[in-house]
Amino acid sequence: MYIYGAPVLLVLGAVGNILSFIVLQSHFFRSKPCGFLLSALAVVDTGALYTSLLSEWLWFQFNVRIINISVIGCKVLFFCAYVCSMSSSWTLALVTVDRVLFVVYPLQAKIFWTKPRAILIWSGMVMALMCINIPVLVKNNLTSYHHTNQTLCSSDYKIQKWIGLLFFAILPLCIVVPCNAIIIHKLYVSHKQWQDNPAGAGSGHQQATSTMVMLVTVSLVFVITIVPHVVIDLRGFKIFSL
């Protein structure tokens, strides 16, 4: 199932992210900080797919382990997989914070939370994640095992696994979960107000509500899919599939 399912996920994931990126370049999204963050999410999600899942599929299907071919592959592919996966989680967390700002402080957010600031914060976040994962570039290396006549990519930097767990899952969850609770509460209140005065809600309100529901759904899917990773990793397994 994995052998045939992985290519489907790779193709559908790439096509879906490309289409999302194209849609997000429309006038409605292009000037908004949320539009930039969702575009960035599409990019890093695709990067996470092709640095982690593709490597795993090639191993299962063709017995080709890219990370074992060269020192560069061992270091750089692991590094990119960690950075892309963490960036995906944190970009989604920023999208959730973006929506909370516009729901709770709509007037102030329009003034202070601008696209240039979103770009600056996201860029700083990615640079910080790259710095956090520098030990992967330093410690990862090819190790020869003479008794099996194999050369495998390995790392003796054991704490990196827990850093990965913290920054890939736990900290983003601590942001996404409470922010989504706030958004869901505001959506409920807004829906009640719309029921009491349906004539007062225009198409702009409905469009904003639809966008909010979509983003909450994406965030909830993230929570549902990431919690098992946290549980499994806490029991001693690797969080990333490389």
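First, a word on scope: everything that follows refers to the structure included in this document.

Quick look at the overall build of the protein chain
Inference 1: For the protein chain, the helix and strand inventory stands at nine helices and two strands.
Inference 2: Scanning the protein chain from its N terminus toward the C terminus, one meets helices and strands in the order α-α-α-α-α-α-α-β-β-α-α.
Inference 3: Sorting the 242 residues of the protein chain into buried and exposed places 39% on the buried side.
Inference 4: Pairs at least 24 apart in sequence give 77% of the contacts found in the protein chain among residues at least 6 apart.

Quick look at a nonpolar patch on the surface
Inference 1: Together, Val11, Val15, Ile18, Leu19 and Ile22 make up an exposed nonpolar region whose accessible area comes to about 470 Å².
Inference 2: Here Val15 is to be found in helix α1 (residues 2-23).
Inference 3: Among the residues examined, Val15 registers a relative accessible area of 42% and is labelled partly exposed.

Points about the side chain of Asp98
Inference 1: By the secondary structure assignment, Asp98 is in helix α4 (residues 71-104).
Inference 2: Asp98 gets classed as buried once you look at its relative accessible area, which sits at 0%.
Inference 3: A distance of 2.7 Å separates polar atoms of two side chains, one belonging to Asp98 and the other to Arg99.
Inference 4: Apart from residues lying up to four places away in sequence, Asp98 is in contact with Pro33, Cys34, Leu37 and Trp113.

Considering the packing of α4 against helix α6 (residues 115-132)
Inference 1: Interaxial distance between α4 and α6 falls to 9 Å at its minimum, and their mutual angle equals 145 degrees. Note that α4 runs across α6; the crossing there is right-handed. Two secondary-structure elements touch here, α4 through Phe79, Val83, Met86, Ser87, Trp90, Thr91 and Leu94 and α6 through Ile121, Trp122, Met125, Val126, Leu129 and Met130.
Inference 2: Partitioned by chemical class, the residues of the contact of α4 with α6 number eleven nonpolar, two polar and no charged.

Quick word on the side chain of Asn133
Inference 1: Position of Asn133 among the secondary structure elements: in the loop between α6 and α7 (134-139).
Inference 2: A distance of 2.8 Å separates a polar atom in the side chain of Asn133 from the backbone oxygen of Leu129.
Inference 3: When neighbours within four sequence positions are excluded, Asn133 is seen to be in contact with Phe79, Tyr82, Val83, Met86 and Gln160.

A few points about the nonpolar core
Inference 1: Counting 37 residues, the largest nonpolar core has Leu37, Leu38, Phe78, Trp122 and Met125 as the members making the most contacts within it.
Inference 2: Of all elements in the fold, only α3 (33-62), α4, α6 and α8 (159-196) reach the threshold of two or more residues within this core.
Inference 3: Considering every element that reaches this core, the biggest residue donor is α4, with twelve residues.

What about the pattern of salt bridges?
Inference 1: In this structure the tally under the stated criterion is one salt bridge.
Inference 2: Where Arg99 meets Asp98, a salt bridge forms, and the shortest distance between an N and an O atom there is 2.7 Å. When sorted by exposure, Arg99 lands in the same class as Asp98, which is buried.

Overview of the packing of aromatic side chains
Inference 1: Going through the model one piece at a time under the given rule, you end up with three aromatic pairs.
Inference 2: Taken together, a centroid distance of 5.7 Å and an interplanar angle of 90 degrees make the contact between Phe36 and Trp122 edge-to-face. Here Phe36 is found in helix α3, whereas its partner Trp122 is found in helix α6, with 86 residues between them in sequence. Accessibility classification places Phe36 together with Trp122 in one group, the buried group.
Inference 3: For the ring pair Phe78 and Tyr82, a centre distance of 6.3 Å and an interplane angle of 40 degrees mean the geometry is tilted.

So, α3
Inference 1: Between its terminal C-alpha atoms α3 stretches 42 Å, which fits the 44 Å expected from 30 residues at 1.5 Å a residue.
Inference 2: The axis of α3 is deflected most strongly, by about 30 degrees, at Leu53.

Digging into the environment of Ala40
Inference 1: With respect to the secondary-structure elements, Ala40 resides in helix α3.
Inference 2: The exposure class assigned to Ala40 is buried, which follows from its relative accessible area of 7%.
Inference 3: In this structure, Ala40 is in contact with Thr91 and Trp122, ignoring residues within four places of it in sequence.

Parameters and conventions
- Residues numbered from 1 in each chain as written.
- Predicted model: local features only at pLDDT ≥ 70, side-chain atom pairs only at ≥ 80, totals over all residues.
- Heavy atoms only, no water.
- Helix = DSSP H or I, 4+ residues; strand = E, 2+ residues; numbered from the N terminus.
- Buried < 20%, exposed > 50% of the residue type's maximum accessible area, 1.4 Å probe, protein only.
- Contact = heavy atoms within 4.5 Å.
- Patch = residues over 30% accessible without salt bridge, like charges linked within 9 Å, V, L, I, M, F, W, Y side chains within 5 Å.
- Areas by Shrake-Rupley, 256 points an atom, 1.4 Å probe, with all protein chains shown as cover.
- Salt bridge = Lys/Arg side-chain N within 4 Å of Asp/Glu carboxyl O.
- Polar contact = N/O pair within 3.5 Å; in protein donor to acceptor, adjacent residues only side chain to side chain.
- Axes fitted to C-alpha atoms, helices over the stretch in contact; angles between N-to-C directions.
- Left-handed = near helix turned anticlockwise from the far one by under 90°.
- Nonpolar A, V, L, I, M, F, W, Y, C, P; charged D, E, K, R; others polar.
- Core = buried A, V, L, I, M, F, W, Y, C linked by side-chain atoms within 4.5 Å.
- Phe/Tyr/Trp six-rings, centres within 6.5 Å; stacked < 30°, edge-to-face > 60°.
- Expected span 1.5 Å × (residues − 1).
- Bend = angle between axes of the 7 residues up to and from the residue.

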